[in-house]
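Single-letter residue listing:
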Amino acid sequence: MIGHPVAHSLSPAIHRAAFEATGLDWTCVAFDVAAGHGGDAVSAMRTLGLAGLSVTMPHKSAVIPALDDLSDVAQALGAVNCISWDGPRLVGDNTDGAGLLTSLRNDLAYDVADRRCAVIGAGGAARSVIAALGAAGASEVVVINRSSDRAAAAAALAGRSGRVGSLADLNAASLVINATPLGMAGTDGAAALPAPVEAVDADAVVVDLVYHPLVTPWIDALRQRGVTVRNGVGMLVGQASLAFERWTGVAAPYAAMLSAVEAQLD
Ligand code: NAP
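Small disclaimer: the values here were computed from a predicted structure and weren't measured.

Chemist: So what exactly am I meant to see when it comes to the side chain of Thr216 here?
Modeler: Looking at the secondary structure, you find Thr216 in the loop between strand S11 (205–208) and helix H7 (217–224). Overall, Thr216 belongs to the buried group, its relative accessible area being 0%. The residues touching Thr216, leaving out its near neighbours within four places in the chain, are Gly183, Asp208 and Val210.

Chemist: Please clarify how the packing of aromatic side chains should be interpreted in this entry.
Modeler: Any aromatic ring pair is given by two values, namely how distant the centres are and how the planes are angled relative to each other. Inspection of every chain in the model, using the stated rule, returns two aromatic pairs. For the ring pair Phe19 and Phe244, a centre distance of 5.6 Å and an interplane angle of 35° mean the geometry is tilted. Taken together, the residues span a long stretch of sequence, with Phe19 in helix H1 (residues 11–22) and Phe244 in helix H8 (residues 233–248) at a distance of 225 residues. Given a relative accessible area of 0%, Phe244 falls into the buried group. A connected cluster of aromatic rings, assembled from ring pairs, spans Phe19, Trp26 and Phe244.

Chemist: Just checking my understanding: could you explain the packing of H1 against H8 for this structure?
Modeler: How two helices pack is summed up by the angle between their axes together with the distance between the axes. Relative to each other, H1 and H8 sit at 55°, their axes nearing to 10 Å. With respect to their mutual orientation, H1 and H8 come out oblique. When you trace H1 past H8, the crossing you get is right-handed. Where H1 approaches H8, its residues Ser11, Ile14, His15, Ala18, Phe19 and Thr22 are matched on the opposing element by Leu236, Gln239, Ala240, Ala243, Phe244, Trp247 and Thr248. Class assignment for the residues of the contact of H1 with H8 results in eight nonpolar, five polar and no charged.

Chemist: Mind showing me how you'd approach the site of the ligand here?
Modeler: Residues in contact with the ligand amount to 20 residues; listed here are only the nearest, Ala122, Ala125, Asn145, Ser147 and Gly232. In this structure, an oxygen atom belonging to the ligand sits 2.9 Å away from a side-chain N or O atom of Arg146. In this structure, Leu209 approaches the ligand through a main-chain N or O atom, which is 3.0 Å from a nitrogen atom. For the ligand, whose free accessible area comes to 920 Å², the fraction covered by protein is 71%. Listed by contribution, the elements that provide at least two residues to the shell around the ligand are helix H5 (124–135) and H8. Along the lines of polarity and charge, the residues of the shell around the ligand split into 11 nonpolar, seven polar and two charged.

The rules behind each value
- Residues numbered from 1 in each chain as written.
- Predicted model: local features only at pLDDT ≥ 70, side-chain atom pairs only at ≥ 80, totals over all residues.
- Heavy atoms only, no water.
- Helix = DSSP H or I, 4+ residues; strand = E, 2+ residues; numbered from the N terminus.
- Buried < 20%, exposed > 50% of the residue type's maximum accessible area, 1.4 Å probe, protein only.
- Contact = heavy atoms within 4.5 Å.
- Phe/Tyr/Trp six-rings, centres within 6.5 Å; stacked < 30°, edge-to-face > 60°.
- Axes fitted to C-alpha atoms, helices over the stretch in contact; angles between N-to-C directions.
- Parallel < 35°, antiparallel > 145°, perpendicular 65-115°, else oblique.
- Left-handed = near helix turned anticlockwise from the far one by under 90°.
- Nonpolar A, V, L, I, M, F, W, Y, C, P; charged D, E, K, R; others polar.
- Near = heavy atom within 4 Å.
- Polar contact = N/O pair within 3.5 Å; in protein donor to acceptor, adjacent residues only side chain to side chain.
- Areas by Shrake-Rupley, 256 points an atom, 1.4 Å probe, with all protein chains shown as cover.

Structure follows, in structure tokens:
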């Protein structure tokens with residue numbers, strides 16, 4: 001994987017756990033690549049014969065010119081988090097949003113098709129989730145964001161089901177996702193809630209994409225209200241499991257990958 005910084009990335013541990021669980025003699029290492037050198041890293045992938053590359057900030061857009069092909073979702077998002085080979089061609093994909101949907105299926109047997117969904121936030125994480133919800137057939141994808149221009153651009157990624165909304169839309173949503181950093185440890189907003197807990201329907205499924213801490217103030221408050229809620233670990237493992245399958249052609253050992261993350265975060 002490449003990124004900057006990468007020292008605290010959980011991805012190498014997740015992939016190593018997956019290789020061990022499937023008996024593959026592979027490994028995953030993190031390379032700290034300075035901004036502006038993402039394309040060089042893709043060239044190195046060709047030279048060194050690396051089987052796959054996981055890409056994180058600040059290279060998600062910068063690697064695109066060095067690739068041969070892009071998936072539709074990576075094209076729409078203008079961001080790549082997973083590079084794999086298709087014969088001699090290097091293909092960029094974005095598995096973040098699909099990874100979240102994978103985790104919802106694996107952890108809660110929850111399918112977003114025909115569901116009303118609300119996403120709080122319109123940044124990189126939100127955009128990948130919004131595009132995935134639209135592609136997976138959500139009946140409605142309401143985007144709620146501080147900056148309305150970014151909300152409109154993000155909502156468009158869901159196609160006809162996307163629209164800009166407000167916190168008043170939350171109580172009609174079956175799935176609610178926080179894709180802002182509110183609640184993240186070590187930030188100004190660490191104690192803040194993305195939305196009042198009363199605004200969320202008690203029968204909704206909620207995902208807070210933050211995973212540091214594992215239990216954010218919002219997760220805690222929602223649990224006390226009896227709402228089904230998950231943190232961002234599922235999306236992290238879900239996107240890694242899709243990358244693993246793309247690279248190896250082997251079914252991802254989701255449970256082993258999840259355990260590896262939980263062990264690291266504990
Ligand atoms: P980003 O691109 O910087 O977007 C942040 C979003 O949050 C923007 O929509 C921003 O609104 C909004 N926001 C920021 N501070 C806010 C505040 N004080 N009040 C209201 N809204 C605020 O960040 P990102 O890459 O999308 O990441 C967002 C969070 O998702 C991260 O902090 C991380 O915890 C989580 N994440 C999780 C995973 C995972 O695998 N679980 C992956 C990526 C990210 P404006 O548009 O108005 O600025």
